[in-house]
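This is what each chain is made of:
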Amino acid sequence: MEDKFIVCLYHQRDEQAVAETQSKYGAQLHRVSWKFVRDRRDAEECVNDTYLTAWNTMPPERPQYLFAFLAKITRHLSLNRMQYRKAQKRDALVQELSQELLECIPNPQDGMGEYQAGEVAASISTFLKGCDETAQAVFVRRYWYGDSIAEIAVQYRMTQSRVKSMLFRTRNRLKEWLQKEGIAI
């Protein structure tokens, strides 16, 4: 079923919307959650909570890209679940990704307001739209979906070294871009 029809089912408050969402995107959402929580039950719970959140936010929301809308919810819920489970200790993957990104973007915990965080996010989106398709996809797979270097290398048929180099160059260009935009790093 096409996304626009699934969204219409949500707006009609038809419970079939959840079943269609699960059928079409359940496995992908589970993979998104798994990247962060690394526990089958927690991933299932996050995905089920995604369906509930989608049900509660549509209407009024009418997402143009349903999977992106759902993946964002799943990712947020999964990160919250991970933080809850590991309140005192940092997950190695998140720490690694955070460290890589802190080289080129401001630390959101340095008193960045919601408005400035929105400006940074918009600037990063603009930057990524200007990148070639492969660099853009690799960056998103690494820093949005939390894929490992090895997973990205297999997915895009590259060596791990090439993926690392591409990410390094993209982060450096992003840092220069943000500085030109007047965003302090």
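**Student:** Explain the overall build of the protein chain here, please?
**Tutor:** A tally of regular secondary structure across the protein chain gives 9 helices and 0 strands. The long-range fraction of contacts in the protein chain, counting pairs at least 24 apart against all pairs at least 6 apart in sequence, stands at 62%. Per element, the accessible surface of the protein chain, about 11300 Å² overall, is 49% carbon and sulfur.

**Student:** Can you help me understand helix 3 (residues 40-57) in this one?
**Tutor:** Residue pairs three or four apart in sequence face the same way in an α-helix, which turns once every 3.6 residues. For helix 3, built from 18 residues, the straight-helix expectation of 26 Å at 1.5 Å per residue is met to within 8% by its first-to-last C-alpha distance of 26 Å. Residues of helix 3 that are buried sit in contact with helix 1 (3-11), helix 2 (16-37) and helix 4 (66-85). Where helix 3 begins, one side-chain oxygen reaches toward the backbone nitrogen of R41, 3.2 Å away; that side chain belongs to D39.

**Student:** Looking at this structure, I do not really get the packing of helix 2 against helix 3. What am I missing?
**Tutor:** Two numbers describe a pair of packed helices, the interaxial angle and the distance between the axes. Interaxial distance between helix 2 and helix 3 falls to 8 Å at its minimum, and their mutual angle equals 135°. Classified by the angle their axes make, helix 2 and helix 3 are oblique. Here helix 2 and helix 3 pass one another in a crossing that is right-handed. Of the residues in helix 3, those touching helix 2 at V18, T21, Q22, G26, L29, H30, S33, W34 and V37 are R40, D42, A43, E44, C46, V47, T50, Y51 and W55. The residue makeup of the contact of helix 2 with helix 3, split by class, is 9 nonpolar, 6 polar and 3 charged.

**Student:** Help me out: how do you make sense of the packing of aromatic side chains in this one?
**Tutor:** The relative placement of two aromatic rings is captured by the distance of their centres and the angle of their planes. This model, assessed by the stated rule, comprises 4 aromatic pairs. The interplanar angle of 50° and the centroid separation of 6.1 Å between the aromatic rings of F127 and W177 together place this pair among those described as tilted. Highlighted residues: F127 in helix 6 (residues 114-129) and W177 in helix 9 (residues 160-180), separated in sequence by 50 residues. A relative accessible area of 8% places F127 in the buried class. Positioned over the ring face of W55 is R13, at 4.1 Å from the centre of the ring.

**Student:** Help me understand the packing of helix 1 against helix 2 in this model?
**Tutor:** The geometry of helix 1 relative to helix 2 is characterised by a closest axis approach of 8 Å and an angle of 150° between their N-to-C directions. Accordingly, the angle class assigned to the pair helix 1 and helix 2 is roughly antiparallel. As helix 1 packs across helix 2, the resulting crossing turns out to be left-handed. For the pair helix 1 and helix 2, contact is made by D3, I6, L9 and Y10 and by Q16, A17, V18, E20, T21, K24 and Y25, respectively.

**Student:** Please clarify how the side chain of S33 should be interpreted in this entry.
**Tutor:** Locating S33 in the fold gives a position in helix 2. Among the polar contacts made by the side chain of S33, one reaches the side chain of S78 at a distance of 2.7 Å. Filtering out sequence-adjacent residues up to four positions away, S33 remains in contact with R38, D42, A43, C46, V47, T74 and S78.

So, how was this worked out
Residues numbered from 1 in each chain as written. Predicted model: local features only at pLDDT ≥ 70, side-chain atom pairs only at ≥ 80, totals over all residues. Heavy atoms only, no water. Helix = DSSP H or I, 4+ residues; strand = E, 2+ residues; numbered from the N terminus. Contact = heavy atoms within 4.5 Å. Areas by Shrake-Rupley, 256 points an atom, 1.4 Å probe, with all protein chains shown as cover. Expected span 1.5 Å × (residues − 1). Polar contact = N/O pair within 3.5 Å; in protein donor to acceptor, adjacent residues only side chain to side chain. Axes fitted to C-alpha atoms, helices over the stretch in contact; angles between N-to-C directions. Parallel < 35°, antiparallel > 145°, perpendicular 65-115°, else oblique. Left-handed = near helix turned anticlockwise from the far one by under 90°. Nonpolar A, V, L, I, M, F, W, Y, C, P; charged D, E, K, R; others polar. Phe/Tyr/Trp six-rings, centres within 6.5 Å; stacked < 30°, edge-to-face > 60°. Buried < 20%, exposed > 50% of the residue type's maximum accessible area, 1.4 Å probe, protein only. Lys NZ or Arg CZ within 6 Å of the ring centre and 35° of its normal.

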